[in-house]
Amino acid sequence: MSPHLVATVAGTPIAVDEVDALEARLRSGPRAAALPASGTSEGRQLRRWLTQLIVTEQLVSAEAAARGLTAFDAPTEAELLPDMTARLEIGSIAAAALADPCARALFADVTNTVQVSDEEVTDFHARNPLRFAVSRAGGHGWRVPADVGPPLDQVRLAIIEHLRGAARRRTFRTWLDARRAELVQLAPGYEHPGDPRQPDNTHRH
């Protein structure tokens, strides 16, 4: 691969200049002080993360276009990633990509057949009886946790929405990982930040 490239996505080249430009925008932004110094191990890991973001955005854009999807087909970001737990479930790269409405339209298309079973709903309620319980009034205007969980029929729809959301995020993450493995080639020095074969990976067991 050319030294001027960081990756190819389905044969489309991604230039080093794109990573340089994105890094420069971050280093001139309001959170610049929190970024690692250039040229350090952590700085190289940041560039690997930016490369992952760029190639994922390119891949998602191509896949959405191939399926004829547009921003008009997109759910909101809050619908797909309602809280920090959801963002952690799907991973930082996919979560960042889902800021783009076309990526969210792709998410919806890839995961629209995902369902949860009655058995999964019943089991979740049995293991988490207070998960959707409404807090009750306590003293001095405070709210305190409920003592007794609501019956299953009362919270069934909330449980289904919760479980289906998590299942859709798993499905999309697995699909995206598989498409990246199939279509993305990374140049040496721009491997995935978590790749144990690259020298700056500090995650050790």
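Just so you know, these numbers come straight off a predicted model, no measurement behind them. (Residues numbered from 1 in each chain as written. Predicted model: local features only at pLDDT ≥ 70, side-chain atom pairs only at ≥ 80, totals over all residues. Heavy atoms only, no water.)

### Thoughts on the side chain of Asp 195
- Summarising the element assignment, Asp 195 is placed in the segment after strand E5 (184-186).
- Polar contacts involving the side chain of Asp 195 include one to the main-chain amide nitrogen of Arg 197, which spans 2.9 Å. (Helix = DSSP H or I, 4+ residues; strand = E, 2+ residues; numbered from the N terminus. Polar contact = N/O pair within 3.5 Å; in protein donor to acceptor, adjacent residues only side chain to side chain.)

### Here's the deal with helix H6 (residues 101-111)
- Most of H6 sits out of view: 8 of its 11 residues are buried.
- Within the span of H6, buried status applies to Ala 103, Arg 104, Ala 105, Leu 106, Phe 107, Ala 108, Val 110 and Thr 111.
- For H6, the secondary structure elements touched by its buried residues are helix H2 (41-66), helix H3 (77-80), helix H4 (84-90), helix H5 (92-97) and helix H8 (152-183). (Buried < 20%, exposed > 50% of the residue type's maximum accessible area, 1.4 Å probe, protein only. Contact = heavy atoms within 4.5 Å.)

### Quick notes on the sheet that holds E5
- Taken in spatial order, the 3 strands make up an open sheet running E2-E1-E5, and their pairing is antiparallel. Both outer strands of the open sheet, strand E2 (12-15) and E5, are each paired with one neighbouring strand and no more. The average angle at which neighbouring strand axes cross in this sheet is 20 degrees, direction not considered.
- Contacts from helix H1 (residues 16-27) reach strand E1 (5-9) and E2, with the element oriented near 45 degrees to E2.
- Sheet strands touched by H2: E1, E2 and E5. Its angle to E1, the strand with the most contacts, is close to 25 degrees. (Pairing = 2+ DSSP bridges. Axes fitted to C-alpha atoms, helices over the stretch in contact; angles between N-to-C directions.)

### A short note on empty space enclosed by the protein
- Scanning the model with the defined rule gives 1 cavity of 30 Å³ or more in all.
- Roughly 30 Å³ of volume is contained in the largest cavity.
- Residue lining of the largest cavity: Phe 124, His 125, Asn 128, Pro 129, Arg 131, Phe 132, Pro 150, Val 155 and Ile 159, and that is the complete set.
- Within the residue set of the lining of the largest cavity, elements represented by two or more residues are helix H7 (118-127) and H8.
- Partitioned by chemical class, the residues of the lining of the largest cavity number 6 nonpolar, 2 polar and 1 charged. (1 Å grid on protein atoms, 1.4 Å probe; cavity = no way out; pocket = protein on both sides within 12 Å on 5 of 7 lines; lining within 4 Å. Points joined across faces, edges and corners; volume = space filled by probe spheres on them. Nonpolar A, V, L, I, M, F, W, Y, C, P; charged D, E, K, R; others polar.)

### Some details on unusual backbone geometry
- Phi is positive for Ala 10, close to 50 degrees, though the residue is something other than glycine.
- Locating Ala 10 in the fold gives a position in the loop between E1 and E2.
- Exposure remark for Ala 10: the relative accessible area of 54% places this residue in the exposed category.

### With respect to the pattern of salt bridges
- Enumeration over the complete set of coordinates arrives at 15 salt bridges.
- For Asp 153, the salt bridge goes to Arg 156, with nearest N and O atoms at 3.4 Å. Here the residue Asp 153 and the residue Arg 156 both occupy positions in helix H8, the gap between them amounting to 3 residues, near one helical turn.
- A residue is classified by how much of its surface remains accessible, and Asp 153, at 66% relative accessible area, is exposed.
- Classification of Arg 156 as partly exposed rests on a relative accessible area of 26%. (Salt bridge = Lys/Arg side-chain N within 4 Å of Asp/Glu carboxyl O.)

### Concerning the packing of H2 against H6
- Put simply, H2 and H6 touch, their axes get as near as 9 Å, and they point 60 degrees apart. Here H2 is positioned oblique relative to H6, judged by the angle of their axes. When the axes of H2 and H6 are compared, the crossing they make is left-handed. In contact with Val 60, Glu 63 and Ala 64 of H2, H6 contributes Cys 102, Ala 103 and Leu 106.
- Each residue belonging to the contact of H2 with H6 can be placed in one class, and the counts come to 5 nonpolar, no polar and 1 charged. (Parallel < 35°, antiparallel > 145°, perpendicular 65-115°, else oblique. Left-handed = near helix turned anticlockwise from the far one by under 90°.)

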